[in-house]
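# Summary of structural features
Listed below, chain by chain, are the residues.
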Amino acid sequence: MENYFSDKTEAALIAERSAILAASCFDEKALNRTEDEAKRRLTSFLSGETEIDPEEAPMFYSFIKVFGETENADLRLCAKKAEAKITPVLKQFDQMIGYDNLAKITAEEIERNLADLDRFEQIDPFERTADGQLVFPQFELVLKVIDNVEIVDDDETSLSADSGETFKETVLETARIKTYMRICVSETEITREYYLDMLQTEMEKALIVLFVMDKSAVDFPLNTAQAEKIHREFQKLLDVLE
């Protein structure tokens, strides 16, 4: 039998759970189905069938915390075991990103963050006004670099404009995913400005890795000083275009 949830991410399952609990008419069967899927994924993680990379750890930790808040004793125990197992992976993430307070995040704070991120992800950072101006000018330089990229095939022949558009969409989607992973466990409420700043930094970082090819230049915790370092590295790309 096909798994109804097979194509749904952990974030989507969290959103589904929230919608079920918030509905005026409580659907116990729907909640049970969603919790059964959560238990299946946690069991797969506990058995070693599913592995979680450090960069994916915050999202999966969110999943564990949210579904651990349940009346289902089996699922609650499963979540406790999964939380213990993912702790070393979270510590690896802590070292990469610079977080040290993940254990303090509540399920309510996580659900709040995911709801905010789902809303902010609808923003098109390259949106233009009727007169052609960017709605979010902070992305002008990122767009300048992307627009100057020439996509070629193995014979060094330039490809169509559609390839350039696909490249732009790929950079944006990669940055969105990275931003989501980094700030879904924020202790403080996520503002639109903070989200856009992080998205800009992640797009710059993606371009640095592609063209500078020096991952060591960007593989560090994104505190203020390191974010500024990314911006400086990105400026080097811009200088080439001048």
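Summarised in this report is the structure supplied together with it. (Residues numbered from 1 in each chain as written. Predicted model: local features only at pLDDT ≥ 70, side-chain atom pairs only at ≥ 80, totals over all residues. Heavy atoms only, no water.)

### Re the pattern of salt bridges
The tally for this structure, following the rule as stated, stands at eight salt bridges. When the shortest N-O distance is used, the salt bridge between Glu16 and Lys8 registers 2.4 Å. Note that Arg41 is salt-bridged to Glu37, the shortest N-O span being 2.6 Å. Note that Arg41 and Glu37 are positioned in helix α2 (residues 28-47) at a spacing of four residues, about one turn of the helix. In terms of burial, Arg41 and Glu37 fall into one category: buried. (Salt bridge = Lys/Arg side-chain N within 4 Å of Asp/Glu carboxyl O. Helix = DSSP H or I, 4+ residues; strand = E, 2+ residues; numbered from the N terminus. Buried < 20%, exposed > 50% of the residue type's maximum accessible area, 1.4 Å probe, protein only.)

### Focus: the packing of aromatic side chains
Evaluation of the coordinates by the stated rule reveals five aromatic pairs. Both rings, one in Phe60 and one in Phe63, keep their centres 5.7 Å apart while their planes meet at 40 degrees; by these two values the pair is tilted. Here Phe60 and its partner Phe63 are both found in helix α3 (residues 57-68), three residues apart, which amounts to about one turn of the helix. By relative accessible area, Phe60 is classed as buried at 5%. These aromatic residues form a ring-pair network of at least three members: Phe45, Phe60, Phe63 and Phe67. The side chain of Arg17 reaches across the aromatic face of Phe67, ending 6.0 Å from its centre. Above the plane of the ring of Phe45 lies Lys85, whose end atom (NZ or CZ) is 4.9 Å from the centre. (Phe/Tyr/Trp six-rings, centres within 6.5 Å; stacked < 30°, edge-to-face > 60°. Lys NZ or Arg CZ within 6 Å of the ring centre and 35° of its normal.)

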